Every structure is written in C-alpha cells, then in structure tokens.
Amino acid sequence: MSRRLLLALAVALPVSAQAQDRFITVASTTSTEQSGLFRHILPRFQAETGIAVRVVALGTGQALDVGRRGDADVVFVHDRVAEQRFVRDGHGGPRQHVMFNDFVLVGPAADPAGVAGLRDTNAALRRIAEARAPFISRGDRSGTHAAELRLWQMAGVDPVAGRGAWYRQVGQGMGPTLNTAAAQEAYALTDRGTWLSFRNRQGLRILVEGDARLFNHYGVMLVSPQRHPHVKAAEGQRFIDWIISPAGQDAIASYRINGEQLFFPNATQPE
C-alpha cells in the first residue's frame, strides 16, 4: 500500500491551513484510536508544537509492516516482542516505553465455562477449551491477537484444534470482535481501554482480570530515516520526546471514561 493511499485512509485531526504542511504520520493500534486516547492527547501536542498528527490505526503487526515499508514516521504499538524484533532488524528505534493498561477476558453473563472471578488466566482458558465454549479471536496479527496466542500457549492449549467448532478468528479489529462475541454470547480477550468505550456489550461482562500476565505495554519508535530518507525524523522525534515527557505523560494519565483511567504512563520504566 502506498504512502499516499495510507494518508488518505489515516484518521486525521482537523488542522489549520497553516499546519497542513507540517504533519507526521503515526502507525498505531486500533486500541489507541478506538479508545479515544488520540482524540484527547493529540490536540495538546499540536497546540504545543504546531505539528499535526495523522494516525493510521491498524493491528500492531500491520502497523509495524507500515513502518518497515517507510509509510509512516513513527510507530506506536503494543507487542514488545515484535517491537524488539523491529528494532533489531534495523527498521527503527530505539523503543521507548510510553504507557500500559491491561487485557481482560470478557464473556456472557451465563458463563458456561465457569471462569468468572478467576485471577488465573491459564486456568480460565483451559476451562473454556474443555467446555468447548465459543471464543472469538481477532486473528489479525494485532498486539491483542499476539497476546492472546501467548496466553493460550502458556495455558497449554492449542486453540487451532478448535477452529470451526468453538474457536473462531474474525480477522478484524477489537470493536468488530467484541460485536461478534456479544452476538454469539462468546468469550473474547480485549484491552480494557476499548472495553470501557465499547457500547454494544449486550450480555458480555468482564469475567477474568487482575492477572499480571494480562498487563499490556505500549512502546513508540521512530522509523529509520537511514532506510527511508523521506521519514520526517525531526518532527517524528519531537512527537516521541513529547509523549514520554511529563507533559505527554500527564496528558495520557488525564484521559478517563466515566471517571476511570484507561492508560497508565510508564516512560520512566527502564527498557
């Protein structure tokens, strides 16, 4: 996909005529866009720097692919293993911590697998598999999908064996995945930020939360200007410096839905 087409698809904040020529493209995740975080923090960045941000919201795997092709200036995603590979292979970096939230396991109130209240994700997933209870996976190479697959592996379960029976991959973002889970009274893994902003919950409830294995860390990286000379390195680095600065971290911490904080800054955490 060309950079021009990606920009046409980008989620762009309204910008003044003066600022239209000064912008960066950030390839990020659906969770940062769908949760409303970017609508909250990006106007503050633009007001301080005069740089507009155009967001291409995709699954983490796809967002990293955009960075590899040089079709973005900055990548802001949440799959630390894939991010470290991106840096190691010379596509950008260094990686900087930005924030974290957590994943939650949601499912129908009837809870046919009997997982409600568990704090052990491994035990919950094993019960779902044993009960052959419907589970909806994003299946889209996103950070959430990668985390889900790691959790199944830790639980000692191969969900692919249940594909077409109780395990279904929809190949879409978090919102459509939750819509499908609600319609089919199925279980799903979601980031808490998207869940809090999701309105079509129907009978879905949070059933499993609080397991340390469910922590969800986000990192930010400049796309390599050595590989892609057109990358707006100065402006991209300005964005990175701002989002890990006290001003950016305060902007993240101040974003709430119904009084609940969605993301927790951790830029000062050692890499």
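Residues numbered from 1 in each chain as written. Predicted model: local features only at pLDDT ≥ 70, side-chain atom pairs only at ≥ 80, totals over all residues. Heavy atoms only, no water.

Asker: What is the right way to look at the packing of helix H4 (residues 60-68) against helix H5 (residues 80-88) in this model?
Answerer: The angle between the axes and the distance between the axes are what describe a pair of packed helices. Contact pair H4 / H5: the axes reach a minimum separation of 11 Å and the direction vectors enclose 10°. Compared by their axis directions, H4 and H5 come out roughly parallel. Of the residues in H5, those touching H4 at Leu64, Gly67 and Arg68 are Ala82, Glu83 and Phe86. Class assignment for the residues of the contact of H4 with H5 results in 3 nonpolar, 1 polar and 2 charged. (Axes fitted to C-alpha atoms, helices over the stretch in contact; angles between N-to-C directions. Helix = DSSP H or I, 4+ residues; strand = E, 2+ residues; numbered from the N terminus. Parallel < 35°, antiparallel > 145°, perpendicular 65-115°, else oblique. Contact = heavy atoms within 4.5 Å. Nonpolar A, V, L, I, M, F, W, Y, C, P; charged D, E, K, R; others polar.)

Asker: How should the pairing of strand S4 (residues 74-77) be read in this particular structure?
Answerer: A regular strand places its side chains so that they alternate between the two faces of the sheet. Burial of S4 is two-sided: the residues Val74 and Phe76 facing one way and the residues Val75 and Val77 facing the other way are all buried. Relative to strand S10 (residues 215-222), S4 runs antiparallel, the two sharing 4 bridges. Across the sheet, residue Val74 finds its bridge partner in S10, namely Leu222. (Buried < 20%, exposed > 50% of the residue type's maximum accessible area, 1.4 Å probe, protein only. Pairing = 2+ DSSP bridges.)

Asker: What's the story with the pairing of strand S5 (residues 96-108) in this structure? I'm lost.
Answerer: Counting buried residues in S5 gives 11 out of 13 residues, a clear majority hidden from the surface. As paired elements, S5 and S10 share 6 bridges and run antiparallel to each other. Looking at S10, one finds that Asn101 is bridged to Asn216. The pairing of S5 with strand S13 (residues 264-265) spans 2 bridges and is antiparallel. Within S13, the position partnered with Met99 by the bridge is Pro265. One ladder, built from 4 bridges, connects S5 with strand S9 (residues 204-208); its direction is antiparallel. Across the sheet, residue Val106 finds its bridge partner in S9, namely Ile206.

Asker: Would you take a moment to explain the nonpolar core for this structure?
Answerer: Burial of nonpolar side chains together is a common tendency in soluble globular proteins. Grouped together as the largest cluster of nonpolar side chains are 28 residues, with contacts concentrated most on Ile41, Phe76, Phe239 and Ile243. Mapped onto this core, the elements with two or more residues apiece are strand S2 (23-29), helix H3 (37-49), strand S3 (52-58), S4, S5, S10, helix H10 (233-243) and helix H11 (246-253). Sort the elements by how many residues they give to this core and H3 lands first, with 5 residues. Discounting residues that sit within four places of it in the chain, Phe76 has contacts with Val26, Ala27, Ser28, Thr29, Phe38, Val98, Met99, Tyr218, Gly219, Val220 and Ile243. In this structure, Val115, Ala124, Ala133 and Leu214 belong to the second largest nonpolar core, which totals 24 residues. (Core = buried A, V, L, I, M, F, W, Y, C linked by side-chain atoms within 4.5 Å.)

Asker: Just to check I follow, could you spell out the pattern of salt bridges for this structure?
Answerer: If the charged atoms of two oppositely charged side chains come close together, the side chains can form a pair. The tally for this structure, following the rule as stated, stands at 10 salt bridges. Between Asp71 and Arg69 there is a salt bridge; the shortest N-O distance is 3.2 Å. Between Asp102 and Arg192 there is a salt bridge whose closest N-O contact spans 2.7 Å. With Asp102 in strand S5 and Arg192 in helix H9 (residues 192-197), this pair connects stretches of sequence that are 90 residues apart. (Salt bridge = Lys/Arg side-chain N within 4 Å of Asp/Glu carboxyl O.)

Asker: Help me understand the layout of surface pockets in this model?
Answerer: Unfilled space is identified by rolling a water-sized probe across the atoms. The calculated volume of the largest pocket comes to roughly 210 Å³. In terms of residues, the lining of the largest pocket owes the most to one element, helix H7 (residues 143-155), which gives 5 residues. Of the residues assigned to the lining of the largest pocket, the class counts are 6 nonpolar, 4 polar and 4 charged. (1 Å grid on protein atoms, 1.4 Å probe; cavity = no way out; pocket = protein on both sides within 12 Å on 5 of 7 lines; lining within 4 Å. Points joined across faces, edges and corners; volume = space filled by probe spheres on them.)

Asker: Even after reading the chapter, I still don't get the packing of aromatic side chains, so can you show me in this structure?
Answerer: Think of a pair of aromatic rings as described by two things: how far the centres are apart, and how the planes are tilted against each other in angle. One pass over the full model with this rule turns up 13 aromatic pairs. Between the aromatic rings of Trp166 and Tyr167, the centroid separation amounts to 5.8 Å while the plane-to-plane angle is 70°, which identifies the pairing as edge-to-face. Ring pairing ties together the aromatic residues Phe38, Phe76, Tyr218 and Phe263, which thus form one cluster. Sitting over the ring of Phe23, Arg54 keeps its end group 3.8 Å from the ring centre. Sitting over the ring of Phe23, Lys232 keeps its end group 3.5 Å from the ring centre. (Phe/Tyr/Trp six-rings, centres within 6.5 Å; stacked < 30°, edge-to-face > 60°. Lys NZ or Arg CZ within 6 Å of the ring centre and 35° of its normal.)

Asker: Help me out: how do you make sense of empty space enclosed by the protein in this one?
Answerer: Counted under the stated rule, the structure contains 1 cavity of 30 Å³ or more. Taken as a whole, the largest cavity encloses approximately 30 Å³ of empty space. Lining the largest cavity are Leu105, Thr121, Leu125, Phe135, Glu148, Leu151 and Leu189. Secondary-structure elements contributing two or more residues to the lining of the largest cavity are helix H6 (121-131) and H7. Per-class residue counts for the lining of the largest cavity are 5 nonpolar, 1 polar and 1 charged.

On their own, these measurements won't tell you what the molecule is for.
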